[in-house]
Amino acid sequence: MAAPQHLVGLEHQLQVSRESALLGNYEASLVHFDGAISQVQRYLRTLDDPALRAKWLRAKEDLSGEFQIVKEIVAELSKLRAGSKAVPPPTAAAPPPSQLLLRPDPVAVVGGPSGAAQQRDPDVWSPPKPPPERCPPPPRRAAPLGRGGLAGSAETPWLRCMTAAPT
């Protein structure tokens, strides 16, 4: 069965309108969607079968929905473009990168994280514990006892570390 005269080229027009929208050419997409919707509307006027008419009404509603989405995108883009022109250019020069590194931490300036943020996050590791204090290595030669080298004096820190009670 051949397509009715009113629907010739409808498939191509829908394909072009959707591709134009995908590629960001929204104005062309709106033109093609509008043409496709008017083609469907002309075909609806010729239909007598209620079931077939209901299917084409549903198709027209779907196309009108797509048309509306593209119109909303165009409106949003025009708002963004108008908003970018309204922003005045910065008057002062940007600080050099060396000053950017010296800026204080905004969380520290405000007073730290809120109570909810202070709770421990199970996905974040805690900072590492400091390594245990190690005793200095013993001297290579033992100090003669006649020079006042008592156990635990400042001259023999390795001996003091060995005689201290474990913590």
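Here the structure is shown first, and the text comes after it.
In this numbering scheme, every chain counts its residues from 1 along its sequence in written order. Restriction of local features to residues with pLDDT of at least 70 applies here, the model being predicted, together with a cutoff of 80 or more for giving and counting side-chain atom pairs; totals for whole chains, interfaces and linings are based on all residues. Computation of side-chain values covers all heavy atoms of the structure but excludes hydrogens and water.

The secondary structure listing takes helices from DSSP runs of H or I that are at least 4 residues long and strands from runs of E that are at least 2 residues long, numbered from the N terminus. In this fold, Ser 17 is placed in helix α1 (residues 10-22). Overall, Ser 17 belongs to the buried group, its relative accessible area being 0%. The residues contacting Ser 17, other than those within four sequence positions of it, are Ser 29, His 32 and Phe 33. Buried means the residue's accessible area, taken with a 1.4 Å probe over protein chains only, is under 20% of the maximum for its type, while exposed means over 50%, and partly exposed covers the values in between. Residue contacts are defined here by distance: any two heavy atoms, one from each residue, within 4.5 Å place the two residues in contact.

Before going further, it helps to spend a moment on the side chain of Gln 13. Within the secondary structure, Gln 13 sits in helix α1. Distance and chemistry together define a polar contact, namely a pair of N or O atoms within 3.5 Å, with one atom able to donate a hydrogen and the other to accept it when in protein, and with adjacent residues in sequence counting only for side-chain atoms on both sides. Engagement of the side chain of Gln 13 in a polar contact is seen with the backbone oxygen of His 32, the distance being 3.5 Å. Residues within four places of Gln 13 in sequence aside, it is in contact with His 32, Gly 35, Ala 36 and Gln 39.

Let us look at the environment of Phe 33. Examined against the element boundaries, Phe 33 turns out to sit in helix α2 (residues 26-46). For Phe 33 and Arg 18, which are 15 residues apart along the polypeptide, the C-alpha to C-alpha distance reads 8.2 Å. Once residues lying within four places of it in the same chain are set aside, the contact partners of Phe 33 are Leu 14, Ser 17, Arg 18, Leu 63, Glu 66, Phe 67 and Val 70.

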